Amino acid sequence: MEQNDNKNSGLNRRKFLQGAALGLAGMALPLDRADASFWESFFQKHFREMNDAEIKKVLSRLEKECEIKYKKAVKIGNEKAMPGVMFGYGLDLSRCIGCRRCVYGCVDENNQSLDPQIHWITVLRFKKGEKWVDLENAEKYYNPDKVPQDDYFYMPVQCQQCENPPCVRACPTQATWKDPDGIVVIDYNWCIGCRYCMAACPYGARRFNWTEPNRPAEKINPNTHYLGNRPRYKGVVEKCTFCIQRSRNGRYPACVEACPVGARKFGNLLDPESEIRYAIKHKRVFRLKEDLNTNPKFYYFFAYGK
Ligand code: SF4
Ligand code: SF4
């Protein structure tokens, strides 16, 4: 009984807010609902308006909901952005072999749905010698016996953590925003699933949960962050957060660790000694769709120098 109440409560609130945001008449509050958890969830404040005590209460309620649903303890953290840190990412295209280990490392770390499959990273394949990369028409579903293939190069794409993110501007409920360390985050309890952010993102980086995400309990990573890899709901949008649950605890994102050829670099853009600053200074870097003024903090480069 309690499980169903908890499961339904997010959806009811979401449906109500969606109706309100879209200006639909006749959206009635479900006044017959008496359980405390439902009302706590319904009236949960915007994450950025909550004080520490309120956040603690919300996290403890959500942890209990996860425990009931997965029969497994899940820790939902709230590590804040550290002062003096602005995260940036580098990807060495001359090293990437297109193996997709980063994709599956990300799926496991970030509790992505297995059925239907949700991937926050897409690895694109391009024929060598093509004049320029066409992201929209690139090949996503290549499946050769072996990688790398002689005639191709590979380009993994994920959220570019734009400094000037159009997804944030498009959201009618301020459920997505940029934190001080540059990570663009989503509050799944505020997302109403309108998908305006997906339409606004020029990099196709956001994913929508059309159905209840499906991940068996034994595959749940219990170390999560409220704004990152905690289990999601049907009807909400999700995307890469530079593994906020790791990076804010001084660890590399899972994709950096999963890459067998060291193609992925990560660090603090404000630290002149960091690996990412070294790459920007010494390699031929470029960013995707720079003309759009999104100012991504995701840099592609080729290992040979300038
Ligand atoms: S890549 Fe897309 S989802 Fe990520 S910050 Fe930029 S606009 Fe938003
Ligand atoms: S794991 Fe590394 S080499 Fe493999 S696809 Fe990802 S970035 Fe490329």
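Conventions we followed
Residues numbered from 1 in each chain as written. Chains lettered and ligands numbered in written order. Predicted model: local features only at pLDDT ≥ 70, side-chain atom pairs only at ≥ 80, totals over all residues. Heavy atoms only, no water. Helix = DSSP H or I, 4+ residues; strand = E, 2+ residues; numbered from the N terminus. Buried < 20%, exposed > 50% of the residue type's maximum accessible area, 1.4 Å probe, protein only. Contact = heavy atoms within 4.5 Å. Areas by Shrake-Rupley, 256 points an atom, 1.4 Å probe, with all protein chains shown as cover. Phe/Tyr/Trp six-rings, centres within 6.5 Å; stacked < 30°, edge-to-face > 60°. Lys NZ or Arg CZ within 6 Å of the ring centre and 35° of its normal. pLDDT = per-residue confidence, 0-100. Near = heavy atom within 4 Å. Nonpolar A, V, L, I, M, F, W, Y, C, P; charged D, E, K, R; others polar. Pairing = 2+ DSSP bridges. Core = buried A, V, L, I, M, F, W, Y, C linked by side-chain atoms within 4.5 Å.

A.B. asks: How should I be thinking about the overall build of the protein chain in this particular structure?
C.D. replies: What the protein chain contains, in helices and strands, is 9 helices and 11 strands. A burial count over the protein chain gives 53% of its 306 residues as buried. At a minimum sequence separation of 6, the contacts of the protein chain that also span at least 24 residues come to 67%. Summing over all exposed atoms, the protein chain offers an accessible surface of approximately 15,000 Å²; the carbon and sulfur share of this is 53%.

A.B. asks: Explain the packing of aromatic side chains here, please?
C.D. replies: Any aromatic ring pair is given by two values, namely how distant the centres are and how the planes are angled relative to each other. Counted by the stated rule, this structure contains 14 aromatic pairs. Here Phe126 and Phe153 contribute two aromatic rings whose centre-to-centre distance is 5.4 Å and whose plane-to-plane angle is 25°, an arrangement assigned as stacked. Of this pair, Phe126 sits in strand 3 (residues 122–127) while Phe153 is found in strand 4 (residues 152–157), placing the two residues 27 residues apart along the sequence. Exposure remark for Phe126: the relative accessible area of 2% places this residue in the buried category. Each ring, one from Phe286 and one from Tyr300, has its centre 5.7 Å from the other, and the planes form 25°; the classification is stacked. On the criterion of sequence distance, the pair formed by Phe286 in the loop between helix 9 (275–282) and strand 11 (298–301) and Tyr300 in strand 11 is long-range, its members being 14 residues apart. Tyr300 shares its class with Phe286; the two are buried. An aromatic cluster is built from Phe87, Tyr89, Phe242, Phe266, Phe286, Phe298, Tyr300 and Phe302, whose rings are joined through pairwise contacts. A cation over an aromatic ring shows up here: Arg195 above the ring of Phe208, its NZ or CZ 4.9 Å from the ring centre. The ring of Tyr226 is capped by Arg230, whose NZ or CZ atom sits 4.0 Å from the centre of that ring.

A.B. asks: Help me understand the confidence of the model for the protein chain in this model?
C.D. replies: Atomic detail in the predicted coordinates should be set aside for any region of low pLDDT. Summing up the model confidence of the protein chain, the mean pLDDT is 90 and the portion of residues at 70 or higher is 88%. Every residue in residues 1–11 scores below 50 in pLDDT, and together they form 11 contacts with partners more than four places removed in sequence or on other chains.

A.B. asks: Before we go on, may I ask you to explain the site of ligand 1 in this structure?
C.D. replies: Taken together, the neighbourhood of ligand 1 is formed by Cys159, Gln160, Cys162, Pro165, Pro166, Cys167, Val184, Cys201, Pro202, Tyr203, Arg206 and Lys239. Of the residues contributing to the shell around ligand 1, the split by class is 9 nonpolar, 1 polar and 2 charged.

A.B. asks: How do you make sense of the pairing of strand 3 when you look at a structure like this?
C.D. replies: The element strand 3 is largely enclosed, with a buried count of 5 among its 6 residues. Bridging between strand 3 and strand 4 involves 6 bridges; their strand directions are antiparallel. The residue of strand 4 that forms the bridge with Arg125 is Tyr154.

A.B. asks: Even after reading the chapter, I still don't get the nonpolar core, so can you show me in this structure?
C.D. replies: Here is a general trend for soluble globular proteins: nonpolar side chains tend to be buried in one another's company. In this structure, Met155, Tyr226, Phe242, Leu288 and Tyr300 are the most contacted members of the largest nonpolar core, which totals 69 residues. For this core, the element with the highest residue contribution is helix 3 (residues 52–70), accounting for 6 residues. Once residues within four sequence positions are removed from consideration, Tyr300 is found in contact with Leu91, Leu93, Met155, Pro156, Val157, Gln160, Arg284, Val285, Phe286 and Leu288.

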